Amino acid sequence: MALSQSDIPWLRNLLQTALKNGASIRTILRAIEDALERGYRPRGHSQDTLDLSLLILRLGGRNLLTLHQHTSFVKIAPTVGCITQDIIQQNIGSVALTPRTQAGLKKLRGTALEEAAVFLSQSNSIGGLCWTHSPLVDVALNNYHSALNISHALTAGRVHLGKEVSVVGAHLFGEDMFYPILAAPTCKLENGDTTRRKAGHHTFVQISLSFTSPRYGTLSNLPGLNLLTGEYEITLDFDYKHVLKRFGTLLRSRNGMRLNNGRCINATMLQRYLMWIDGVDEAWALKLLYPDDPQDVPRAIELINAINSLADIDPTDQCVDTIADVDAIKILAGILRSLLRPFIDITLSLTEQVISLSCFAHLLYACYWDQQRLLMPNQLYYDSQTLFKNIIFCIAKQQTLDPTAPFTLQSSQWYVL
C-alpha cells in the first residue's frame, strides 16, 4: 500500500541508484523498508538538500570546485570466475599506471563484502560468487535456466557467496595513491592466515639475493638479515597493526609470553601490576585485559603503552618475586616499545625508525632463541621478523632507484588500503 500511495520519498532515485550499483534484491528491499520506517532518506533535491548545499557553499565557497581536480576516482572490473591475466591487464589500463622512478609494492588485503549475488550488466553475468569455486558453474545469465543453475549450485554448496573481497593493488613509495588492479570475492575457505603465510613463503622466500643485485652490497653487510626473496626481489610482508593486535591477544591469553628469566607475562600477572600506573584503576585494567572486541587495534596499543609505563616503575622496595616479575616486564617493554614507537612517533627520522626496529628484531630473536614457543607462537615470530625484513628491503630498493625521492616507514605498509 505504501508503494501504491507513493509514500516513500524519491522511490525512483532509490531504485535507480541501487540497480546502478548492482545491489541485490535483498539489499533493495531492505532499503525500501528503511525508507518506510523513515530510517533512510535517499538523496534528492528536497528543501533540506538545498539548504545543506547552500551551507556548504557558504563555508567552502569556490574552493569546493577544486575537489574533483585533486581527487582521483578509480573504477575497476570485478573478478567473475577465475582470476586471469586479461582482467588484471584491463584494470591496469583503467588505473592508468605510468612508469615511475619510485620503488613500490603489491598489496593484498581482505575487505568486508555483503554476501549477495549481483547482476553485472557489462558482462551479462552474476558476480559476488567466490572466485575459487565459481568456475564450477556457468555464471553467464543467458536465460532463466542459467539463474536456476546458479541458485541450485549455491544451495548445494558447490559454489559460495563471497564473504570478503581480496583487493590487490600497487602502491608507490612517497605517494598516497593506491592503484587497485584486482578485486576478487573470496569465501575464505582458501584464504586463511595459514594458507596465505604458506603460499607467501613458498613464493617470496625462495631465491637468494643475487650478488649482481644493486642492493646486494648494502643488504649482505647486515648480519642476520634473511636475503631470500621471490622473483624480481619481491619480499613478503605483514600488516604491522595486525602484528600489534596479535601481541595484545597473546598477552591477554592464559599462556602469555615467557621471558628469558622464566617469568610468564599473561593477563593474570598484568592485572596484578597495571594498577601501579597512575590513573589506572581496577575497572580500567580489566578493560585493557578483557576488551569487548579482542580485535580492537587501538585497545591493543593502549595495553602495550600501559606495559611500557609499568616498566618505568622502580620496584626496589618490593619482594624478590615482584622484582623478578618487573624485570620480565622491562624486557617485554623493550621489545614492544621498539616495535610500536616507529609507527606512532612522527618526530623520529627514518634512521631512528630503522634503529628502533632493528632493536626489536634482535631482542625478539634473543628471547625466541631462549624460550622458543614459550615466548610466542612460531607464526607470530615469523610474521614479526618478516615485517622488519620487508622494511629494510623497501628502503634499499628506493635508495637504488632514486635516493632523493621521499620515503616513509608507512610507505612499506598496508594502511593505505
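Bear in mind the structure is a predicted one, so any value in this text is a computation, not a measurement.

Looking only at helices and strands, the chain has 15 helices and nine strands in total. Relative to its full complement of 417 residues, the chain shows a buried share of 41%. Restricting to contacts in the chain with at least 6 residues of sequence separation, those with at least 24 account for 66%. Roughly 24000 Å² of accessible area belongs to the chain as shown, and the carbon and sulfur atoms make up 56% of that amount.

Turning our eyes to something else, we now look at the environment of Thr404. Take Thr404: it is sitting in the segment after α15 (378-401). Among the polar contacts made by the side chain of Thr404, one reaches the side chain of Asp402 at a distance of 2.6 Å.

On to the pairing of strand β4 (residues 164-172), then. For β4, the tally of buried residues reaches nine of nine residues, placing the bulk of the element in the interior. A two-sided burial pattern is seen for β4, the buried positions comprising Glu164, Ser166, Val168, Ala170 and Leu172 on one face and Val165, Val167, Gly169 and His171 on the other. In terms of strand pairing, β4 meets strand β5 (residues 178-186) through eight bridges, oriented antiparallel. For Ala170, the partnering residue across the bridge sits in β5 and is Tyr179.

What follows deals with the packing of helix α13 (residues 320-344) against helix α14 (residues 350-371). Direction vectors running N to C along α13 and α14 enclose 150°, while the axes themselves pass 8 Å from each other. Regarding α13 and α14, the two cross each other, and that crossing is left-handed. Within the contact between the two elements, α13 uses Ile331, Gly334, Ile335, Arg337, Ser338, Leu339, Pro342 and Phe343 and α14 uses Gln353, Ser356, Leu357, Cys359, Phe360, Leu363, Leu364 and Cys367.

Of note, Ser384 is situated in helix α15. The exposure class of Ser384 is buried, given its relative accessible area of 0%. A polar contact of 2.8 Å, which involves the side chain of Ser384, links it to the backbone oxygen of Leu380.

What follows covers the pattern of salt bridges. Evaluation of the coordinates by the stated rule reveals eleven salt bridges. Two residues, Asp383 and Arg197, come together in a salt bridge whose shortest N-O distance is 2.9 Å. Of this pair, Asp383 sits in helix α15 while Arg197 sits in helix α7 (residues 193-204); the two residues are 186 residues apart in sequence, bridging distant segments of the chain. Both residues of the pair, Asp383 and Arg197, belong to the buried class. For Arg299, the salt bridge goes to Glu302, with nearest N and O atoms at 2.8 Å.

A word on the confidence of the model for the chain. Averaged over every residue, the pLDDT of the chain is 83; the share at 70 or more is 80%. Low pLDDT, under 50, characterises residues 4-8; the predicted model gives this stretch seven contacts beyond four residues in sequence or across chains.

What follows concerns the packing of helix α9 (residues 240-252) against α13. To describe two helices that pack against each other, one gives the angle between their axes and the distance between the axes. Interhelical geometry of α9 versus α13 gives an angle of 155° and a closest axis separation of 11 Å. With respect to α13, the axis of α9 lies roughly antiparallel. The chirality of how α9 crosses α13 is left-handed. Residue-level inspection shows Tyr240, Val243, Leu244, Phe247 and Leu251 of α9 in contact with α13, the latter providing Leu332, Leu336, Leu339, Leu340 and Phe343.

Conventions we followed
Residues numbered from 1 in each chain as written. Predicted model: local features only at pLDDT ≥ 70, side-chain atom pairs only at ≥ 80, totals over all residues. Heavy atoms only, no water. Helix = DSSP H or I, 4+ residues; strand = E, 2+ residues; numbered from the N terminus. Buried < 20%, exposed > 50% of the residue type's maximum accessible area, 1.4 Å probe, protein only. Contact = heavy atoms within 4.5 Å. Areas by Shrake-Rupley, 256 points an atom, 1.4 Å probe, with all protein chains shown as cover. Polar contact = N/O pair within 3.5 Å; in protein donor to acceptor, adjacent residues only side chain to side chain. Pairing = 2+ DSSP bridges. Axes fitted to C-alpha atoms, helices over the stretch in contact; angles between N-to-C directions. Left-handed = near helix turned anticlockwise from the far one by under 90°. Salt bridge = Lys/Arg side-chain N within 4 Å of Asp/Glu carboxyl O. pLDDT = per-residue confidence, 0-100. Parallel < 35°, antiparallel > 145°, perpendicular 65-115°, else oblique.

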